[in-house]
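Coordinate analysis (summary)
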Amino acid sequence: MIVNGNIPAKNTIFDFDSAAKVMKKLSFSFLLMIIFVSCNSTKHVAENEHMLMQNIIFIDSTKTKSTELQKYILQKPNPRFLNLPFALYFHNIGNQNKPKTPSEWGAKNPRSYNFIKHVFSEKQSIGYANTFIKLNNWFLNYQGPEIINKNKIKKTSENLIAYYKTQGYFKARIDTILNLYKNKKATVEYHISRGKPTLLDTIKFKIESPVLDSIYKNTKTTSLLKPGSQYNDKTFRREAKRVLKLFRNNGIYQFSESELGFYLDSSRVDYKTNVDFLISGNKLIKEQGNYIANPFNVQKISEVNVMTDYSFTKKGAPLLDSLTYEGIHFFAHDKIKYNPKYLSKSIFLKPNDIYSDTLRNLTRNHLKSLKNFKSTNIKFSSIPGTENELKMDVFLAPIEKYTLGLETEITHSNIRNIGSSAKFSITDRNTFRGAELLKVSFLGSYFNSNNGPGWEVGADASLEIPRFIAPFGLHKLVPKKMSPRTLFSIGSSFQKNIGLDRQAFTFLSDYKWQSTPKKTIQLEIFNTQYIRNLNINSYFNIYSSEFSNLDAVAKIYDIANTISTNPNFPLSNNTDDQVSGAVQFMRTVSNNSSFKTSNPEEYNTALNILNRYNIVTSNFLIPVLAFSYTHNSQTKFNDNNFSFFKARIANSGSVFGLLSKKTNENGKKILVNTPIAQYFKLDTEYKQFWDVGNNSVFGFKTFLGAIIPYNNSDIPFTKSYFAGGSNDIRAWQTYELGPGSRNTGLEFNVGSFKFLSSAEYRFPVFNKLKGALFIDAGNIWDITGSDFVDENAKFSGLSSLKDMAIGSGFGTRVDFSFLILRFDVGFKTYEPYLTEGKWFKNYNFANAVYNIGINYPF
């Protein structure tokens with residue numbers, strides 16, 4: 001659940017005792033059903049058939065579970081979850097012999113059919129019959145038993161041998177063993193003997209064209225084929241792509257892979273082979289039924305045309321507007337709405353340039369990144385009467401200038417009983433004729449809380465410019481091929497009866513560019529936020545546990561000071577003077593040196609609460625300068641083998657601190673009577689994913705973050721670290737864990753140092769349902785060195801890692817293509833704050849945390 005407030009809300013906790021009893025009953029009933037059905041998993045297997053249970057592969061007598069080989073196995077066992085084929089169990093509940101039509105169902109169930117018919121009508125009896133027919137078909141639609149298919153086994157053997165031949169094992173052989181068991185189950189063994197691999201010996205390049213030969217020699221490129229290396233089909237394919245890219249990036253537009261060939265000497269018996277790399281010197285062109293050899297020549301771009309409002313429906317319509325800028329011709333059916341000065345910056349092939357595949361792709365990607373066009377199509381054609389000249393036509397189909405967006409959400413938390421929120425936005429494309437994006441958003445929410453109804457309203461506006469807007473020619477430091485972006489954003493929000501009724505004002509100027517397709521740089525030059533709290537009198541309503549702790553201190557304080565008149569205990573619970581009375585009491589305690597000596601624990605408790613009160617209720621000015629570096633090796637959306645790394649270093653308050661010479665009564669730097677947040681913050685995140693076969697993925701994530709204040713500044717609550725939640729350590733709720741080995745009992749726990757690691761195994765169950773097993777470990781600590789922080793909450797080096805909490809569990813994911821609906825159950829595996837029995841003490845459903853989320857946790 002997302003709650004935008006000064007105090008972020010935790011997910012609501014329901015009655016776990018009752019839930020645990022229900023869960024146990026349901027689990028027991030479900031387990032009984034599974035056991036009953038699993039005893040008959042071969043229910044739909046015919047007498048002379050066998051169900052495949054396992055494929056076993058041996059390579060040179062050694063058993064292997066190589067995921068690389070799984071793609072060549074045509075027949076696989078039924079998918080399993082927790083080692084059980086649930087989809088098969090559902091399939092077995094159905095019956096292939098049951099009626100397929102209402103009339104057949106009525107004939108087999110005459111009493112039920114006729115009863116419905118006489119009481120109601122035949123239409124209702126037909127509907128009644130269809131209900132049972134559809135239910136039976138629904139079960140049968142799940143995957144049935146995977147029956148042994150000898151043709152598929154044979155084809156799998158051929159696939160495996162073919163694969164090893166691509167690895168250089170030309171004399172590999174395979175033996176297949178089919179194990180049939182009396183219970184109608186079977187396993188298949190594939191025994192592969194690879195033999196000795198073939199190595200590359202002499203490698204010769206034979207280039208027939210003098211033009212191609214000159215290009216190849218002048219570029220001085222290094223071949224991927226090395227004498228002495230083992231033959232590998234992938235290496236030859238990569239070599240072909242390398243040479244193709246080389247020639248097409250040097251003006252040979254008509255060159256294709258069909259002009260490349262490899263000849264291997266198969267007559268040798270010493271497991272070595274000579275390689276001849278053949279490169280044709282002519283392009284075969286079909287003219288009037290005959291093929292003509294056309295020699296390769298370097299081709300250049302002589303004409304560039306850009307259609308700025310292309311539409312298939314307007315194909316052939318007259319062009320009413322045109323202009324030329326730097327040799328590029330721009331056309332439109334109506335009026336040219338894009339400034340050629342800026343649009344031409346996305347076109348990297350200009351007149352008189354030599355053709356290049358890389359520049360063509362860069363042009364296409366750059367135009368797409370403008371987010372102004374539905375489609376981008378680039379075509380090349382020869383210019384009649386010339387031999388080596390090309391015409392480049394760019395067809396741009398614009399997106400509608402104005403688009404509307406609406407997002408809605410139902411919220412529920414420990415602060416909000418139930419509520420709803422909505423965000424309405426309007427986007428204006430090509431605002432200033434330079435492909436800019438202007439977006440204006442309005443948000444609002446209304447809900448019921450323990451303190452009555454509350455609401456929030458806000459608005460923000462952002463302008464994204466597809467180039468750098470910077471003084472002193474700084475925009476020249478980043479070349480346009482890196483797709484530089486400038487973002488300006490301003491916004492404000494107002495809350496009522498949410499936390500401390502925060503008012504927030506933000507302004508952001510952000511620069512981003514891609515140094516390579518995998519590397520992104522982001523620079524936040526002026527990311528400033530002003531936070532103002534209007535309702536600090538509700539502090540102890542939110543932090544009720546702190547008020548209880550302070551009340552206990554007041555009781556001891558009265559006893560220690562033998563006060564008979566005007567006692568502090570109990571502290572006033574009246575909303576009007578609760579905070580003022582509590583603050584006055586804490587300040588009285590802080591100035592009482594005798595109480596500090598006689599009751600040091602209670603004295604520190606009062607000062608800790610006072611310190612947290614000052615931080616949470618304080619207004620803040622947070623001016624941030626930040627630098628981010630991101631490396632993402634994922635090449636496409638469904639790529640499951642990739643790594644991700646991001647590092648962000650930020651500073652708040654350095655510049656504003658130099659401008660201000662004033663401090664408040666607590667010694668904090670202020671500007672316009674508002675404390676300036678001054679800190680350095682470093683966040684690093686690393687993620688790695690592996691495709692382990694059978695549509696399964698193993699993922700790992702680690703996060704390390706630290707924030708260090710300076711100049712006696714406090715860390716704003718919203719910038720501190722927390723632990724727990726559906727995307728964090730899932731066995732604890734948001735803000736519940738830490739810091740360190742403390743079990744504070746506070747509603748919201750934060751720290752200045754965080755370490756988190758998570759591992760998750762994701763696997764298919766059936767259809768859109770996927771399962772997951774996970775383990776999370778981490779915690780938060782304090783590294784500010786504050787005197788108000790307990791020793792067991794501080795990070796004191798590697799020894800503090802023993803205070804890392806560990807949670808584990810399982811979950812399900814429903815893949816709707818456009819989003820992932822996720823449900824996780826996290827069990828407390830290791831609890832560092834317990835005095836004894838830290839392992840598995842509360843590892844049960846009663847103390848589990850149930851998380852619902854959208855998309856994957858990482």
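Residue numbering note: each chain is counted from 1, following its sequence as written. Local features in this predicted model are restricted to residues of pLDDT 70 or higher, and side-chain atom pairs are both shown and tallied only at a pLDDT of 80 or more, whereas totals for entire chains, interfaces and linings draw on every residue. The side-chain values count all of the structure's non-hydrogen atoms but skip hydrogen atoms and water molecules.

1. Observations regarding the overall build of the chain
What counts as a helix is a DSSP run of H or I of at least four residues, what counts as a strand is a run of E of at least two, and both are numbered from the N terminus. Broken down by element type, the chain carries 16 helices and 33 strands. Considering only C-alpha atoms, the chain reaches an extent of 115 × 85 × 70 Å along its principal axes. Between buried and exposed lies partly exposed: a residue is buried under 20% and exposed over 50% of the maximum accessible area for its type, with that area taken using a 1.4 Å probe on protein chains only. Residue burial in the chain is summarised as follows: out of 858 residues, 45% are buried. Considering only intrachain contacts with a sequence separation of at least 6, the fraction spanning at least 24 residues in the chain is 64%. Using a 1.4 Å probe, the Shrake-Rupley method yields the accessible areas, and only the shown protein chains count as cover for residues. Roughly 45,300 Å² of accessible area belongs to the chain as shown, and the carbon and sulfur atoms make up 55% of that amount. Under the counting rule used here, the positive set is Lys and Arg, the negative set is Asp and Glu, and His together with the chain ends is not counted. All charge positions are set by atom: Lys at NZ, Arg at CZ, Asp at CG, Glu at CD. Each charge class in the chain was averaged separately, 105 positive and 71 negative side chains, and the resulting centres sit 5 Å apart. Contacts are residue-level and defined by heavy atoms, with any inter-residue pair within 4.5 Å sufficient.

2. Focus: the environment of Val211
Tracing the backbone shows Val211 in helix α7 (residues 210–219). Leaving out residues up to four positions away in the same chain, Val211 has contacts with Ile252, Phe296, Asn297 and Val298.

3. Regarding the nonpolar core
Residues Tyr539, Phe540, Tyr543, Leu550, Phe585, Met586 and Val589 are the most contacted members of the largest nonpolar core, which totals 28 residues. Those elements that provide at least two residues to this core are α11 (539–542), α12 (544–561), α13 (578–590) and α15 (600–617). Here the element with the most residues in this core is α15; it accounts for 7 residues. Apart from the residues within four sequence positions on either side, Phe585 is in contact with Leu550, Val553, Ala554, Tyr557, Asn568 and Leu571. Remark: nonpolar core denotes a set of buried residues (Ala, Val, Leu, Ile, Met, Phe, Trp, Tyr, Cys) joined through side-chain atoms within 4.5 Å.

4. Considerations on unusual backbone geometry
Here the bond from Gly738 into Pro739 is cis, since omega is 0 degrees, no more than 30 degrees from zero. When you line up the elements, Pro739 lands in the loop between β28 (696–709) and β29 (753–766). The phi torsion at Asn430 lies on the positive side, around 55 degrees, for a residue other than glycine. You can see Asn430 is positioned in the loop between β16 (416–429) and β17 (437–449). By relative accessible area, Asn430 is classed as buried at 8%. The phi torsion at Val672 lies on the positive side, around 55 degrees, for a residue other than glycine. Using a relative accessible area of 72% as the deciding quantity, one classes Val672 as exposed.

5. Brief notes about the sheet that holds strand β26 (residues 674–675)
In this analysis, strands are considered paired if DSSP registers two or more bridges between them. Pairing is antiparallel in the open sheet, where 3 strands are placed in the order β24-β25-β26. Looking along the sheet, the strands with just one partner apiece sit at the ends: β24 (662–663) and β26. As paired elements, strand β25 (residues 669–671) and β26 share 2 bridges and run antiparallel to each other. Residue pairing across strands places Leu671 opposite Thr674, the latter belonging to β26.

6. Quick look at helix α8 (residues 233–248)
The end-to-end C-alpha distance of α8, which contains 16 residues, comes to 23 Å, matching closely the 22 Å that a straight helix rising 1.5 Å per residue would cover. Taken as a whole, α8 has its buried residues at Asp233, Thr235, Phe236, Glu239, Ala240, Arg242, Val243, Leu244, Leu246, Phe247 and Arg248. In this fold, the buried residues of α8 make contact with α6 (150–166), β5 (199–207), α7, β6 (260–264), β7 (272–279) and α10 (357–369). Throughout this description, a polar contact denotes any pair of N or O atoms lying within 3.5 Å of each other; where both atoms belong to protein, one of them has to be capable of donating a hydrogen while the other can accept it, and for residues adjacent in sequence the pair is counted only when both atoms sit in side chains. Where α8 starts, the residue carrying a side-chain oxygen 2.8 Å from the main-chain nitrogen of Lys234 turns out to be Asn232. To estimate the expected span of a helix, subtract one from its residue number and multiply by 1.5 Å.

7. Regarding the sheet that holds β7
Sheet strands pair by backbone hydrogen bonding; their relative direction is either parallel or antiparallel. The 3 strands lie next to each other as β5-β7-β6, forming an open sheet whose pairing is mixed. The two strands at the open ends of the sheet, each matched to only one other strand, are β5 and β6. Put simply, the sheet's adjacent strands are angled 20 degrees from each other on average, direction ignored. Its contacts with the sheet put α8 on β5, β6 and β7, and the angle it makes with β6 is roughly 145 degrees. Fitted lines through C-alpha atoms serve as axes, helices being fitted only where they are in contact, and the angles separating the N-to-C directions of these axes extend from 0 to 180 degrees.

8. Considerations on the environment of Phe627
For Phe627, the location among the structural elements is in strand β22 (residues 620–632). Separated by 102 residues in sequence, Phe627 and Ile525 have C-alpha atoms that sit 8.7 Å apart.

9. A look at the side chain of Glu464
Within the element layout of this structure, Glu464 appears in strand β18 (residues 452–465). Owing to a relative accessible area of 19%, Glu464 belongs among the buried residues under this scheme. Within the local environment of Glu464, its side chain forms a polar contact with the side chain of Arg485, the two groups lying 3.4 Å apart.

10. Thoughts on the pattern of salt bridges
Each reported salt bridge corresponds to a side-chain nitrogen of Lys or Arg within 4 Å of a carboxyl oxygen of Asp or Glu. Under the criterion given, the structure shown has 35 salt bridges. A salt bridge links Arg360 to Asp357, with the shortest nitrogen-to-oxygen separation between them at 3.7 Å. Here Arg360 and its partner Asp357 are both found in helix α10, 3 residues apart, which amounts to about one turn of the helix. Just as Arg360 is buried, Asp357 falls in that class too. A salt bridge links Glu546 to Arg612; the nearest nitrogen and oxygen atoms lie 2.4 Å apart. Of this pair, Glu546 sits in helix α12 while Arg612 is found in helix α15, placing the two residues 66 residues apart along the sequence.

11. Observations concerning the confidence of the model for the chain
When pLDDT is averaged along the chain, the result is 88, and 93% of the positions lie at 70 or above. pLDDT measures the predictor's confidence residue by residue and takes values from 0 up to 100. Taken as a whole, residues 1–24 scores under 50 in pLDDT and shows 61 contacts with residues more than four places along the chain or in a different chain.

12. Notes on the packing of α7 against α8
Between α7 and α8, the shortest axis-to-axis distance is 10 Å and the interhelical angle comes to 100 degrees. Relative to α8, the element α7 is oriented roughly perpendicular. Together, Leu212, Ile215, Tyr216 and Thr219 of α7 and Glu239, Arg242, Val243, Leu246 and Phe247 of α8 make up the contact between the two elements. Each residue receives one of three labels: charged for Asp, Glu, Lys and Arg, nonpolar for Ala, Val, Leu, Ile, Met, Phe, Trp, Tyr, Cys and Pro, and polar for the others, Gly being one of them. Along the lines of polarity and charge, the residues of the contact of α7 with α8 split into 6 nonpolar, 1 polar and 2 charged. An angle counts as roughly parallel when it lies under 35 degrees, as roughly antiparallel when it exceeds 145, as roughly perpendicular when it falls between 65 and 115, and as oblique in every other case.

13. What to know about the packing of aromatic side chains
Any pair of aromatic rings gets described here by the distance separating the centres and the angle formed by the planes. Classification of ring pairs uses Phe, Tyr and Trp, with its six-membered ring standing for Trp, and accepts pairs whose centres are within 6.5 Å; under 30 degrees between planes counts as stacked, over 60 as edge-to-face, and the remaining range as tilted. In total, this model carries 58 aromatic pairs according to the counting rule given. Ring centres of Phe262 and Phe277 lie 4.3 Å apart, and the angle between their planes is 25 degrees; this geometry places the pair in the stacked category. Remark: Phe277 occurs in strand β7 and Phe262 occurs in strand β6; sequence separation between them is 15 residues. The partly exposed category is assigned to Phe262, whose relative accessible area is 30%. Seen in terms of ring centroids, Phe703 and Tyr721 are 6.2 Å apart; in terms of plane orientation they differ by 65 degrees. Their pairing is edge-to-face. Of the two residues, Phe703 is situated in strand β28 and Tyr721 in the loop between β28 and β29; the sequence distance between them amounts to 18 residues. In this scheme, Lys NZ or Arg CZ marks a charge over a ring once it lies within 6 Å of the ring centre and within 35 degrees of the ring normal. The cationic tip of Arg730 hangs over the ring face of Phe774; the distance from NZ or CZ to the ring centre is 3.8 Å.

14. Section: the environment of Leu682
Looking at the element boundaries, Leu682 is found in strand β27 (residues 679–693). Along the chain, Leu682 and Asn651 lie 31 residues apart, while their C-alpha atoms are 9.0 Å from each other. The residues touching Leu682, leaving out its near neighbours within four places in the chain, are Arg648, Ile649, Leu704, Gly705, Ala706 and Tyr721.

15. Observations concerning the side chain of Asp276
Relative to the helices and strands, Asp276 is located in strand β7. For Asp276, a relative accessible area of 16% translates into the label buried. Apart from residues no more than four positions distant in its own chain, Asp276 is found in contact with Lys204, Lys206, Gly261, Phe262 and Tyr263.

16. Some thoughts on a nonpolar patch on the surface
Nonpolar side chains collect at one region of the surface, where Leu82, Trp690, Val692, Phe698, Tyr761, Leu773 and Phe810 lie side by side and expose about 570 Å² of accessible area between them. Counting through the fold element by element, Tyr761 comes out in strand β29. On the basis of relative accessible area, Tyr761 is assigned to the partly exposed category, the value being 31%. Excluding any residue in a salt bridge, patches collect residues exceeding 30% relative accessible area, merging like charges within 9 Å and nonpolar Val, Leu, Ile, Met, Phe, Trp and Tyr side chains within 5 Å.

17. Here we look at the packing of helix α2 (residues 86–93) against helix α5 (residues 122–140)
Relative orientation and spacing of two packed helices are given, respectively, by the angle between their axes and the distance between those axes. At a closest axis distance of 6 Å, the pairing of α2 and α5 adopts a crossing angle of 150 degrees. Judged by the inter-axis angle, α2 sits roughly antiparallel to α5. Our pair here, α2 against α5, has a crossing hand that is left-handed. Residues Phe90, His91 and Ile93 of α2 touch α5, and the partners they reach there are Trp138, Phe139 and Leu140. Residues of the contact of α2 with α5, tallied by class, amount to 5 nonpolar, 1 polar and no charged. The handedness criterion is simple: a crossing whose near helix is rotated anticlockwise from the far helix by less than a right angle is left-handed, and one whose near helix is rotated clockwise is right-handed.

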